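Descriptive analysis of the structure
So you can see what is in the structure, the chains are spelled out below.
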Amino acid sequence: MGVFKKKDQPVYARPADASVSQAFKNGNIMTRLSFFIFGLGNIVNKQIVRGLIFLALEIGYFAYLFSFGIGALGDFVTLGTLEQGQVYNEALGIYEYTAGDDSMLCLLYGVITLALTAAVIFVACMSGKSAYCTQFRKEKGLAVPSFKDDLKSLKEENLHAFLLAFPIIGILCFTVVPLIFMILIAFTSYDHEHQPPGNLFTWVGLENFQKMFSEGSKLAATFWPVLSWTLVWAVVATVSCYILGLLLALLINRKGTKAKGFWRFMFVLSVAVPQFVTLLSMRTIFNANGPVNVILRELGVIGMTESIPFFTNPLYAKITIICINIWIGVPFTMLSTTGILQNIPAELYEAAKIDGASAPTIFRKITLPYMLFVMTPNLITSFTGNINNFNVIFLLSGGGPDSMDYYYAGKTDLLVTWLYRLTITQKDYNLGAVIGILVFVILATVSLLTYRRTGSYKDEGAFQ
Amino acid sequence: MRSKRFITNTICHILLAILSVIWVLPIFYVVLTSFRAESGSYKSYIWPRGFTLDNYINLFKGSSSLDFPKWFMNTLIIAIFSTILSAFFVLCVSYVMSRLRFKMRKTFMNIALVLGMFPGFMSMIAVYYILKGLGLLETGVLKQVALVLVYSGGAGLGFYMAKGFFDTIPKTIDEAAYIDGATKWDTFIRITIPLSKPIITYTLITTFMAPWVDYIFAKVIMGNETSYYTIAIGLWTMLEQEFVEYYYTQFYAGCVIISIPIAILFLLTQKCYVEGVSGAVKG
């Protein structure tokens, strides 16, 4: 007696090669026409509802295209031609604005129209394939699934389509389309001098990339130092947190250490507090008049009115940020390494002890290689995470201290915080987009090279 | 030999004690300042001259410009809705990627990996304009809907962790269900989900915590509508030039108030996380 009712599930045969090209080559006239009049092949073969859904999608798309889409595509090419004008209104005695084209919206609607077109081409392929399958079944005298059967198949062989539909719509709307949009902006002149709706911006090709890399420009003079600080920061932050966290975990897990749970709790406490709370309070603690400076004054390390410029001197700011990041990151590493440490085979240690190895040697020759072997994927993620570590920099120093040599960047700005400033404060959207693309290129090379080598990618089915 | 071990043990314990003081002191300072009786921001001394609960009381009374209880409710509502939505997305995608085999599977996983590498808020401006185009930035309530969509819209991309968990559930269990006549949908709802409590709790809690700690997206979408702020932007506002003198101690009180539930949730997740990565049913 099973829990599940046994249902009769007829199996609907599919042609062995149900691909778009085969459908076009081997299909009859109705099947081929289905690529252009969606659902035709289904309707003539009595799959009315399925056919009508295809047809409705097509009609909907063309209605959109003719009422709005063609204009949007035209504007997408030009990004608007009519500039906002001023007309003197004699009756009121003031200048009035006449509406012009909004380049931003032109670009946005263009991208949306292109995305919809891509979707419709996808539907066209589905329609053709569906017609081909139905034709095949008809010719072989096999059963043709009714609409009810189609719905049922969503729970069985088409479950993936059913479950993925909503998440993918979400991803398309909130990740893919915005991303394409921002990538396109990197090739336009959308900066603070070309702000819609007052001004138009236009396509400029690779000009922004040239500006970013050209010798002697202020942008290049900003980009390279910011890039090198980003890389230095990512390496130092990742390595320091990792090594120190590992040592801390070892210290707590030593045989001789008492009350392991208590010590662990003391460190976990700082992880449990929301990060922006710790970061904001750290910012006040290291403020020019914050408690750290107060303590130093009372201890007589610095004069009563002096204060150490933790966030206002470039070098101090960098060191302070790295130290605070260690404070934040070490307990994380301690948590994630504890379990793995306990898995290191004890025989390795015993053998090393018999050979007379000292504690540092054991750490260097056994513990560290083992941990690195297991945790390389983690290290890569935390490296890429640090390159994009917006919160720590933004909430602590805000990128400051600002520098006159830089193009709206501070000495501790990472590429991402600079991106934020360029877009939100400075409104140079095109430059921000260029930086976003460059960050992506860096991250993509680093992680694709390394991630593809990890075991979890190569044989994901190992435990199934 | 024995005394040497005793000395190293003592040194280790002293080291641990010093380190944990370093790690706990800032937190202690936050709690201490939240009870400080004197108003004003930075003081030339550490230990408060007097203690009071007024900071907490005033915080919960709220004021027209900085209304903490309202922010708290805003964040709670947004957190609940975005948790439901994104947990649904994540579980669907990770089940599909783990259990079902179809043509575009590898492609989808690679695309997800690549998309994850763009800086998140690079697309923020575009998202802002899309929401504006949809008319979701007209009123405060709609902005909250927009924020929920922003938090959960792309959630389907974060499926790796849950997929890894589903991968550890033996396929034989599924096959037994198929023989009993279960469809794949039945298997998903009635077998996989009940077996995946640790990872579901983990997903729920992590997505629930996101709105409490996100600053950037909330700020861009909410703009200046103070009464619809979430906790994170609200607390940040308290530290701004015009407010810091008056709200400095209340800021710390607010920090303590939201840290407590989040810390508890975090400690809960830790447990689920360990269970989650160590796999589901053995053999």
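Residues numbered from 1 in each chain as written. Chains lettered and ligands numbered in written order. Predicted model: local features only at pLDDT ≥ 70, side-chain atom pairs only at ≥ 80, totals over all residues.

What follows concerns the overall build of chain B. On a plain count of helices and strands, chain B comes out with 13 helices and zero strands. When its helices and strands are written in sequence order, chain B yields α-α-α-α-α-α-α-α-α-α-α-α-α. Taking 2.2 N^0.38 as the reference for a compact globule, 283 residues should give roughly 19 Å; the C-alpha atoms of chain B span a radius of gyration of 24 Å, well beyond that estimate. Its C-alpha atoms give chain B principal-axis dimensions of roughly 75 × 75 × 30 Å. Going through the 283 residues of chain B one by one, you find that 41% of them count as buried. Once local pairs closer than 6 in sequence are excluded, the contacts in chain B between residues at least 24 apart make up 73%. (Helix = DSSP H or I, 4+ residues; strand = E, 2+ residues; numbered from the N terminus. Rg over C-alpha atoms; globule rule 2.2 N^0.38 Å. Buried ≥ 20, exposed ≤ 12 C-beta atoms within 10 Å, placed from the backbone. Contact = placed C-beta atoms within 7 Å.)

With that settled, the discussion passes to the overall build of chain A. When helices and strands are counted, chain A shows 19 helices and two strands. Computed over the C-alpha atoms, the radius of gyration of chain A is 31 Å, more than 25% above the 23 Å expected from 2.2 N^0.38 for a compact globule of 464 residues. Each principal axis of the C-alpha atoms in chain A carries an extent, and together these give about 90 × 90 × 40 Å. Residues classed as buried in chain A amount to 33% of the 464 residues present.

Here we come to the confidence of the model for chain A. Averaged over chain A, the pLDDT score is 82; the fraction of residues at 70 or greater is 93%. Taking the mean pLDDT of every element in chain A, the minimum, 52, falls on helix H19 (residues 455-458) of chain A and the maximum, 90, on helix H9 (residues 218-253) of chain A. (pLDDT = per-residue confidence, 0-100.)

The tendency in soluble globular proteins is for nonpolar side chains to be buried as a group. Counting 147 residues, the largest nonpolar core has Leu107(A), Phe181(A) and Val150(B) as its most contacted members. At 15 residues, the largest contribution of residues to this core is made by helix H3 (residues 68-99) of chain B. A domain-level breakdown of this core finds at least three residues from each of domain 1 (20-87 + 95-205) and domain 2 (209-455) of chain A. Those residues in contact with Val150(B) that sit more than four places away from it in its chain are Phe174(A), Val127(B), Phe217(B) and Ile221(B). Grouped together as the second largest cluster of nonpolar side chains are six residues, Ala23(A), Leu40(A), Ile43(A) and Tyr132(A) included. (Core = buried A, V, L, I, M, F, W, Y, C linked by C-beta atoms within 7 Å. Domains from an automatic or database assignment.)

Attention now goes to the interface of chain B and chain A. On the side of chain A, 70 residues touch chain B, which itself brings 73 residues to the contact. Counting residues per element, the side of chain B that touches chain A draws most heavily on helix H1 (residues 2-34) of chain B, which supplies twelve residues. Considering only residue class, the side of chain B that touches chain A consists of 53 nonpolar, 14 polar and six charged. (Nonpolar A, V, L, I, M, F, W, Y, C, P; charged D, E, K, R; others polar.)

All names here are of chain A. Inspection of the secondary structure assignment puts Glu207 in helix H8 (residues 207-213). We classify Glu207 as partly exposed; it has 13 C-beta atoms within 10 Å. Taking the C-alpha atoms as reference points, Glu207 and Asn42, separated by 165 residues in sequence, lie 51 Å from one another.

Moving on, we get to the domain arrangement of chain A. All names here are of chain A. Taken domain by domain, chain A comprises domain 1 (20-87 + 95-205) and domain 2 (209-455). A C-alpha centroid distance of 43 Å is found between domain 1 and domain 2. Class assignment of the residues belonging to the side of domain 1 that touches domain 2 gives a composition of five nonpolar, four polar and one charged.

Attention shifts here to the packing of H3(B) against helix H6 (residues 140-153) of chain B. To describe two helices that pack against each other, one gives the angle between their axes and the distance between the axes. Residues and elements named next belong to chain B. Two numbers describe how H3 lies on H6: the axes approach to 9 Å, and their chain directions differ by 40°. Taken as axis vectors, H3 and H6 run oblique relative to one another. Crossing geometry of H3 relative to H6 is assigned as right-handed. For the pair formed by H3 and H6, the contact residues are Asn74, Ile77, Ile78, Phe81, Ser82, Leu85, Ser86 and Phe89 on the first element and Gln144, Leu147, Val148, Tyr151 and Ser152 on the second. Of the residues in the contact of H3 with H6, the class split is eight nonpolar, five polar and no charged. (Axes fitted to C-alpha atoms, helices over the stretch in contact; angles between N-to-C directions. Parallel < 35°, antiparallel > 145°, perpendicular 65-115°, else oblique. Left-handed = near helix turned anticlockwise from the far one by under 90°.)

We now examine helix H15 (residues 359-387) of chain A. Taking 1.5 Å per residue as the helical rise, H15(A) with its 29 residues ought to reach 42 Å, whereas the 34 Å between its terminal C-alpha atoms falls clearly short. The set of residues buried in H15(A) consists of Thr367(A), Met371(A), Ser382(A), Phe383(A), Thr384(A), Asn386(A) and Ile387(A). (Expected span 1.5 Å × (residues − 1).)

Further remarks concern the confidence of the model for chain B. For any part of a model where pLDDT is low, the fine detail of the predicted coordinates should not be relied upon. Considering every residue of chain B, the mean pLDDT works out to 83; 95% of them sit at 70 or more. Complex prediction metrics read pTM 0.80 and ipTM 0.81.

This paragraph deals with the packing of H9(A) against H15(A). All names here are of chain A. Relative orientation of the contacting elements H9 and H15 amounts to 140°, with a least axis distance of 9 Å. One way to sum up the angle between H9 and H15 is to call them oblique. As for the relative orientation of H9 and H15, their crossing is right-handed in sense. Note on element contacts: H15 touches H9 through Met371, Leu379, Ser382, Phe383, Asn386 and Ile387, opposite Thr230, Trp233, Ala234, Ala237, Thr238, Tyr242 and Leu246.

A separate point is unusual backbone geometry. Residue and element names in this part refer to chain A. In this structure, Lys46 is a non-glycine residue whose phi angle is positive, near 70°. Its place among the elements puts Lys46 in the loop between helix H3 (40-44) and helix H4 (48-78). Although it is not a glycine, Lys427 sits at a positive phi angle of roughly 65°. Residue position: Lys427 is located in the loop between helix H17 (415-425) and helix H18 (429-451).

Residue and element names in this part refer to chain A. The buried count for strand S1 (residues 85-89) comes to zero of five residues, which makes it a mostly uncovered element. Sheet topology places S1 next to strand S2 (residues 94-98); five bridges connect them, and they run antiparallel. The residue bridging Asn89 from the neighbouring strand is Ile94, located in S2. Linking two consecutive strands that pair antiparallel, namely S1 and S2, is a turn of four residues; a positive phi of about 75° is found at Gly93 within it. (Pairing = 2+ DSSP bridges.)

What follows deals with the environment of Thr445(A). Residues and elements named next belong to chain A. Mapped onto the fold, Thr445 is located in helix H18. Thr445 sits in the exposed class, given 11 other C-beta atoms within 10 Å. Along the primary structure Thr445 and Leu368 are separated by 77 residues, whereas in three dimensions their C-alpha atoms are 26 Å apart.

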